[in-house]
Amino acid sequence: METEEKISQEELAKSKEMINILWKYYCSRIVGQKNLGISLLVSLIANGHILLESVPGLAKTTAAKVITDSVAGKFSRIQCTPDLLPSDIVGTQIYNQVNHSFETELGPIYANFVLLDEINRSSAKTQSAMLEAMQERQTTIGGTVYKMPDIFMVIATQNPIEQEGTYLLAEAQLDRFLLKEKLDYPSMEEELEVLNRIERDVFVNNKSVLDIKDIKYLQELAKKVYIDESIKKYIVNIINATRNVEEVVSKDLAKYVTMGASTRGAIAFMEASKAIALIRGRNYVIPDDVKALKYTVLRHRIELNFTAIADNISVENIIDEIIGAIKTP
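The text that follows walks through the structure, step by step, so that each part is easy to find.

Thoughts on the overall build of the protein chain
Piece 1. Scanning the protein chain from N- to C-terminus turns up 15 helices and 11 strands.
Piece 2. Computed over C-alpha atoms, the radius of gyration of the protein chain comes to 21 Å, within 12% of the 20 Å expected from 2.2 N^0.38 for 329 residues, which places it in the range of a compact globule.
Piece 3. Along the first, second and third principal axes, the C-alpha atoms of the protein chain reach 70 × 55 × 50 Å.
Piece 4. For the protein chain, the proportion of its 329 residues judged to be buried stands at 47%.
Piece 5. Sequence separation of 24 or more characterises 78% of the internal contacts of the protein chain that already satisfy a separation of 6 or more.

This is the structure in structure tokens:
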């Protein structure tokens, strides 16, 4: 039987140094929002996409730009509106009257980091245009396939408060996001620090500290992080519990759940837990790595009914009950 390739101590030390450089850069540009920083790092190393939810003005766009600046990547920002068309994102064919032929004009999606600002303001048709790009990492224009860059990360934001003129993301669209992070207001001390930094023009530095090829190195290294069979079974048990909540949580809570996580959720747990193990300086996954991701992996994959909203029951309440009921290996 062929043995898995192990990560050497030299590789682990190199990755730790790179991750520390990225983290210091993030903290120098963003005040607070530590959970957001970790989630962005996990998504970057696991080569996945992330959905950010918060009220406006909590540094979602800034954080996306910081990640791009740190590795000198190509950045695109797409402001989603109800009249946004799929061709505005992926591109289209334009007729050239000079040579009487159609020429392909690629859209802003062809970048290393794509910020879809207020994604829930775009129509379902436009949202679906992202599916092929996010999942297959390619798009098709006029019958020709165009590959996305090797490092391709979609950072989508949505506002949970202003629902007028918005479109709920379909389950298939939500499932394509590796993680979903919710942002809270900063503390008074953090908000004061933001004002002080702006006054001192601390945020103007956007010099890169790593290169795109360094991110590719971290992504390849994360694939080699060891995850034991018992932890894989632990992940499967958690995912299975989301589909059969009445067997693991009280009936009072189980009645609020209408749909559990898909197999893509189990894959997200495995890939993200490998990334967070690498971030924590290990070449193997432990159960705490899985638990650390419980909200970000599951909160957009467990669907609650309208009764849950009326009774002020959050998806995090359900997740806590599920994780607490599953035996840790």
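Topic: the side chain of Arg301
Piece 1. Checked against the element boundaries, Arg301 lands in the loop between α13 (294–298) and β11 (303–304).
Piece 2. When its relative accessible area of 4% is taken as the criterion, Arg301 is described as buried.
Piece 3. A distance of 2.9 Å separates a polar side-chain atom of Arg301 from the backbone oxygen of Phe177.
Piece 4. Here the side chain of Arg301 touches Val297 through a polar contact of 2.8 Å, landing on its backbone oxygen.
Piece 5. If sequence neighbours within four positions are ignored, Arg301 has contacts with Asp175, Phe177, Leu178, Met259, Gly260, Ala261, Arg264, Gly265 and Ala268.

Some remarks on helix α3 (residues 60–70)
Piece 1. Among the 11 residues that make up α3, eight are buried, leaving the element largely enclosed by the rest of the structure.
Piece 2. Buried within α3 are the following residues: Lys60, Ala63, Ala64, Val66, Ile67, Thr68, Asp69 and Ser70.
Piece 3. For α3, the elements touching its buried residues are α1 (9–29), α2 (34–45), β1 (50–53), β2 (75–79), β5 (113–117) and β8 (153–158).

Cut-offs used in this document
- Residues numbered from 1 in each chain as written.
- Predicted model: local features only at pLDDT ≥ 70, side-chain atom pairs only at ≥ 80, totals over all residues.
- Heavy atoms only, no water.
- Helix = DSSP H or I, 4+ residues; strand = E, 2+ residues; numbered from the N terminus.
- Rg over C-alpha atoms; globule rule 2.2 N^0.38 Å.
- Buried < 20%, exposed > 50% of the residue type's maximum accessible area, 1.4 Å probe, protein only.
- Contact = heavy atoms within 4.5 Å.
- Polar contact = N/O pair within 3.5 Å; in protein donor to acceptor, adjacent residues only side chain to side chain.

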